[in-house]
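# Overview (structure and organization)
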Amino acid sequence: ALPLLDRARSRASARTQARARGASAMATAAKSAKEAVARYAIARELGASAAEVFEDFSDPHVLVALGTAQSVLVRSGPDQMQDGTAVLTIEVKEQILICGCLSYMVTVPATMTIDPANLTIHFHSNSSGTEVQHLYTFSDASAGRCTAVDTAEILSAPPCLAGYVTSIARQAHERTMSALAEKYSSSRVG
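These notes cover the structure that comes with them. The model shown is predicted, which means the values in this text are computed figures rather than measured ones. (Residues numbered from 1 in each chain as written. Predicted model: local features only at pLDDT ≥ 70, side-chain atom pairs only at ≥ 80, totals over all residues. Heavy atoms only, no water.)

### A closer look at the overall build of the protein
Of the regular secondary structure elements, the protein holds four helices and seven strands. When burial is assessed residue by residue, the protein has 33% of its 190 residues classed as buried. For the protein, the proportion of contacts with a sequence separation of at least 24, taken over those separated by at least 6, is 52%. Accessible area for the protein stands at about 11200 Å²; split by element, carbon and sulfur atoms hold 56% of it. (Helix = DSSP H or I, 4+ residues; strand = E, 2+ residues; numbered from the N terminus. Buried < 20%, exposed > 50% of the residue type's maximum accessible area, 1.4 Å probe, protein only. Contact = heavy atoms within 4.5 Å. Areas by Shrake-Rupley, 256 points an atom, 1.4 Å probe, with all protein chains shown as cover.)

### Remarks on the pairing of strand β2 (residues 71-80)
In this structure, β2 lies alongside strand β3 (residues 86-98), joined through seven bridges in antiparallel fashion. Looking at β3, one finds that Ser76 is bridged to Thr89. Following β2, the chain reverses through five residues before pairing antiparallel with β3; Gly84 in that reversal takes a positive phi of roughly 95°. (Pairing = 2+ DSSP bridges.)

### Describing the layout of surface pockets
When its volume is computed, the largest pocket comes out at roughly 770 Å³. Mapped onto the lining of the largest pocket, the elements with two or more residues apiece are β3, β4 (102-115), β5 (120-127), β6 (130-142) and α4 (162-183). (1 Å grid on protein atoms, 1.4 Å probe; cavity = no way out; pocket = protein on both sides within 12 Å on 5 of 7 lines; lining within 4 Å. Points joined across faces, edges and corners; volume = space filled by probe spheres on them.)

### Brief notes about the nonpolar core
Counting residues in each nonpolar core, the largest one holds 36 residues, and the members touching the most others are Leu46, Val53, Phe57, Ile90, Ile121, Phe138 and Leu180. For this core, the element with the highest residue contribution is α4, accounting for five residues. For Ile121, the residues in contact, after removing those within four places along its chain, are Phe54, Phe57, Ser58, Met112, Thr113, Ile114, His134, Leu135, Tyr136 and Phe138. (Core = buried A, V, L, I, M, F, W, Y, C linked by side-chain atoms within 4.5 Å.)

### Points about the packing of aromatic side chains
Two descriptors summarise a pair of aromatic rings, namely the distance from one centre to the other and the angle between the planes of the rings. Per the counting criterion, the structure on display carries four aromatic pairs. Where Phe54 meets Phe138, the ring centres are 6.2 Å apart and the plane angle is 70°; that geometry is what we call edge-to-face. Taken together, the residues span a long stretch of sequence, with Phe54 in helix α2 (residues 50-57) and Phe138 in strand β6 at a distance of 84 residues. An identical accessibility class is assigned to Phe54 and Phe138; each is buried. Three or more aromatic residues joined by ring pairs make a cluster, and in this case those are Phe54, Phe57, Phe123, Tyr136 and Phe138. (Phe/Tyr/Trp six-rings, centres within 6.5 Å; stacked < 30°, edge-to-face > 60°.)

### A look at the sheet that holds β5
Sheet strands line up and pair through hydrogen bonds in the backbone, either parallel or antiparallel. On the basis of which strands lie adjacent, the open sheet formed by seven strands has the order β1-β7-β6-β5-β4-β3-β2 and antiparallel pairing. Where the open sheet ends on each side, the last strands, each with one partner, are β1 (38-46) and β2. Neighbouring strand axes in the sheet, compared pairwise and without regard to direction, differ in orientation by 20° on average. In the sheet, β5 pairs with β6 via eight bridges, with the strands oriented antiparallel. By the bridge assignment, His124 is partnered in β6 with Gln133. (Axes fitted to C-alpha atoms, helices over the stretch in contact; angles between N-to-C directions.)

### Side note on α4
Under the 1.5 Å per step criterion, the end-to-end length of α4 is 31 Å for 22 residues, consistent within 8% with the ideal 32 Å. Of the positions making up α4, those classed as buried are Ala162, Val165, Thr166, Ile168, Ala169, Ala172, His173, Thr176, Met177, Ala179, Leu180 and Ala181. Buried residues in α4 make contact with β1, α2, α3 (62-65), β3, β6 and β7 (145-156). (Expected span 1.5 Å × (residues − 1).)

What follows is the structure, encoded as structure tokens:
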């Protein structure tokens, strides 16, 4: 009778462990599939070809030239991958405006992945509890013009600041895309 009891306990223990593994896997899947705090796309039509704008935007220092970052420091890279993409690790210093009158400087570490085959640039940052990713795409629209789209996702933000972070981030992203549109306005010379 004792071996039979041990076998029953062993089966019960195995079922309990399987349930625990299943619950853990479900929790992991739910966490990875959680909704982003915010998602949005900002598009601008530019007076240049997609290849020209992509080439300029592939230099992370363009953010300084556009006036949307105070400085950009390339920490490492570009590292060329086998698929033709290049990866850089950068730090972007930005002036964040609070309530229209106060501001502070923030340094955001980011990874920048440049894909010349698809004319896309991906930025990913995770700093102070706020995780953001951008996918910039550049596609030709008509002769000498292209469309640039910044698809942004705020993946996480401190719970009590999510609305504020989304508002500030979206304003900064709008400024970057507007500055890019101004740089490549159809009225530019040369």
